[in-house]
Amino acid sequence: MKYLSRAIIAVFIAVLIGTLFPVQVFADTPDYISEVKIGMGKNSEDALAGLEGYTVLKDGNNPVDLNQDAGKESNGPFSVGAKGNKIVYLGYKTTKNIKEAITDLALMNMKGGYDVNEYEILMEYQLKSQILPFVESFTKSLEEYRANYNSKSKANKQRAKYIHDILNKLTDDDTGKPLGDLFLNKTKYELGDTAYNALSDEEKKEHADIVTIIAQANGRATLTLENLITRAADTNKTSWLERFESTEYDDLIEQTGEALTDARKTLARMYDDNANTILDMWEAFREELSGYDEALNTVENYDEASVNAAFEAMDNLSKNASDSQKQEIISNYEAAGKALLEYTDAMQIITIHDKLSETDYLDSTMLDFFLRDSSDLEDDITLLYPMAAAFSQGQRTGLEFISLKDLILIAIAGEEGYSDRNLDKLEPASIYEGVDRAVYEKGGVALTTEARRKKASAYEEVEKANSNLYYIMLYVTIGIGAVAAISGVAALKLYMFAQKADIVYANKSYELFDKAVSTAWRNSKIATSLTAGLSIVAGILMLITIVIDCYEMSQYYNVQFTPIPHYMVDEKDLISYNKKGEKVVLKNQSAYYKAVECNRTEADEMFKMLGTCADMNGDVGQQWLALYAVKNEVMEPILASSLKVVVDNAQIPAGYTTGIHMFGTDAAFNLNSSLYDWNDSAPSVYIYFKTDDTAASTTASTFTGGALALAGGVGVVLGAVLSAVAFNVKKKKSRPETA
């Protein structure tokens, strides 16, 4: 147990350590696309002004207009002119950090296959079926946190105060308060709507909206606060490990006071879920315990002086240092962070191993129990019921968010283990950092699938059929008009013949001529009537044709835009790689694409409708064409050097297979497509790109099997999945940000 006191000091450092060492070296990696923005304006200067700080995509030496000539009037027979044309430029930024790299760029048109309402229905279902039930149980952990913070037990109080101070490094934007302080008061959910609404606006700021926090906070922040509150739970004077030590399954049977069969059912109902959660963590913890000798070696060889020197060198890194000096200091800094993590982890394993080996349990030691193969426990899950029963209610609620190793460290540590907070290097950070909360507004997110896109295509075919009706009516009108004209000519000639015959053969009676004259008059009248009838029909058809044309022109030119969803959730199969480098197909993954923004301001006509979401048609097309980007660690990152624009040529450049494309297909799409622009003779514009197939990640992914499924089973709710942003507490401002 000689390492116990040193390990106790480091009990909670693992929670924070990852946020203290965000620096990485990417010297050998290529440049990836990290951000894309669209600049548009009535002229080149206005479009470029919106892309300051971005590299502008060029065709040769000049910025390329992705919307060229698309706003000019079409060539239709009754064209009344389009609304005008805007310059559209694409700007981008680069990074060498693959985690910041964009992995795909896709397009969705205004009438494409997506559904906003269905997503909102899913959100509502998620709230009722997953978030609210979790919040209900999570409040039990919060109650234990508050009780411990105000406890007379020094150990429990010190532990809660330690957690309180860490939570105070996380702030809630809606109240402006730190979480540690907020959670000492009842949440809005616990108060209930009636009591909460009766409070003044200032009073409301003292009570966290825990439902919103759990649903919308940054994924890593959500996990952190759930983990920390679980650590602060358990108001008992004894630790859960002490309670577990003195409890066996037969004791639990006896405590129910029921017959054996009923008692077993009762215990299964009470503890089976928790026991299976423990079982899921078992092998990982058993493997750590088995590395005891290796942990001893890590601690003995830890070079504290070298680690401290590396940290100090990083703090004092000068901007004037040479590239080689910066590289060396950063490399040493990373190595030092890794060494400290390994040292801390080794100390914890040694402490736990020594403690468990000294504790009797059943017919052996607690160490022997935790070294049991998980297959033994699978055969008899009731062996874990006493452990589940030993946890407090708050700890059972948080089992999803904490490891067995940390649970045991909590049980081992006394108040002295929580005396050294060492939080000076951590600055407060918002729990919503990196989260676009607009996705929770109405119309913020849409779902798209192959089925929806096919349905939209079917509607488009119907619209084309309706549009063709105009041309059908026009041709029929022309045809009837031609027949009427021919009939009119015939009527005129017959009339003239009959009239002349009357004059020539007047007062003469020749039966043959009488019959011919009579026939001529009769045919003349028929032709005249036919001409009149056909003329009326042609006139009516022409009127209908004009009405149809006017309607189509009004539909064509007076476009009623709908809002652009901030996110497009595409359900698709993704290609990943396992640890052996073999390709693995991940079925039905939900890839969250975010709308690319533009330089549109509140002064622009379309701002109220489209906000800052980019329209590749420059706001003057038949419908918007929105660009979306995704950063997915399972997908391959886009190489910045590979961006290539091709104008007025549909031939795919050599070596390229894809580019900016419509959802559902990998083929590069014509950004000047006549489907969405005014001018059907505008030159085509394609943007192609390549991806880095050497940078593929393994199959660890933030994306779940369903659009709104929970990561890890419980608690990492919609906000965590949607944001997919790593939560990093900010470094001191004195420490330079280095790639």
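As shown above, the structure is provided for reference.
Residues numbered from 1 in each chain as written. Predicted model: local features only at pLDDT ≥ 70, side-chain atom pairs only at ≥ 80, totals over all residues. Heavy atoms only, no water.

Enquirer: Just checking my understanding: could you explain the overall build of the protein chain for this structure?
Expert: Secondary structure summary: the protein chain contains 26 helices and 20 strands in total. Taking the intrachain contacts of the protein chain between residues at least 6 apart in sequence as the baseline, contacts between residues at least 24 apart amount to 79%. Taken as a whole, the protein chain presents about 36,300 Å² of accessible surface, with 50% of it coming from carbon and sulfur. (Helix = DSSP H or I, 4+ residues; strand = E, 2+ residues; numbered from the N terminus. Contact = heavy atoms within 4.5 Å. Areas by Shrake-Rupley, 256 points an atom, 1.4 Å probe, with all protein chains shown as cover.)

Enquirer: Which parts of the structure should I look at to understand the sheet that holds strand E15 (residues 597-598)?
Expert: In sheet architecture, strand pairing relies on hydrogen bonds along the backbone and comes in two forms, parallel and antiparallel. Judged by pairing direction, the sheet is mixed, and its four strands sit side by side in the order E2-E5-E1-E15 without closing on themselves. Looking at the sheet topology across the chains shown, the edges are occupied by strand E2 (55-56) and E15. Direction of pairing for strand E1 (residues 32-41) relative to strand E5 (residues 87-95): antiparallel, over a ladder of nine bridges. Its bridge partner being in E5, Ile 33 is matched across the sheet by Thr 94. (Pairing = 2+ DSSP bridges.)

Enquirer: So what exactly am I meant to see when it comes to the packing of helix H14 (residues 260-290) against helix H22 (residues 404-412) here?
Expert: Packed helix pairs are characterised by how far apart their axes lie and by the angle those axes make with each other. The N-to-C vectors of H14 and H22 enclose an angle of 80°; their axes lie 9 Å apart at closest approach. On the basis of the axis angle, H14 is roughly perpendicular to H22. Residue-level inspection shows Ile 278, Met 281, Trp 282, Phe 285 and Glu 288 of H14 in contact with H22, the latter providing Leu 404, Lys 405 and Ile 408. Broken down by class, the residue content of the contact of H14 with H22 amounts to six nonpolar, no polar and two charged. (Axes fitted to C-alpha atoms, helices over the stretch in contact; angles between N-to-C directions. Parallel < 35°, antiparallel > 145°, perpendicular 65-115°, else oblique. Nonpolar A, V, L, I, M, F, W, Y, C, P; charged D, E, K, R; others polar.)

Enquirer: Just to check I follow, could you spell out the pairing of strand E6 (residues 104-109) for this structure?
Expert: When a strand is regular, its side chains alternate between the sheet's two faces. Where burial is concerned, most of E6 is hidden: six out of the six residues are buried. Of the two faces of E6, the one carrying Asp 104, Ala 106 and Met 108 and the one carrying Leu 105, Leu 107 and Asn 109 are both buried. Relative to strand E19 (residues 661-662), E6 is paired through two bridges, and the arrangement is parallel. If you follow Ala 106 over to E19, its bridge partner there is His 661. (Buried < 20%, exposed > 50% of the residue type's maximum accessible area, 1.4 Å probe, protein only.)

Enquirer: I'm lost on the nonpolar core in this one. Help?
Expert: The nonpolar side chains of a soluble globular protein tend to be buried, and buried together. Core analysis: the biggest nonpolar cluster contains 73 residues, and Phe 183, Trp 240, Phe 244, Leu 356, Phe 370 and Leu 384 have the highest contact counts within it. At 10 residues, the largest contribution of residues to this core is made by H14. Leave out the neighbours within four places in its chain, and Trp 240 touches Asp 234, Met 387, Ala 390, Phe 391, Gln 395, Leu 407, Ile 408 and Ala 411. Judged by nonpolar contacts, the second largest core, of 32 residues, contains Met 40, Val 64, Tyr 92 and Leu 671. (Core = buried A, V, L, I, M, F, W, Y, C linked by side-chain atoms within 4.5 Å.)

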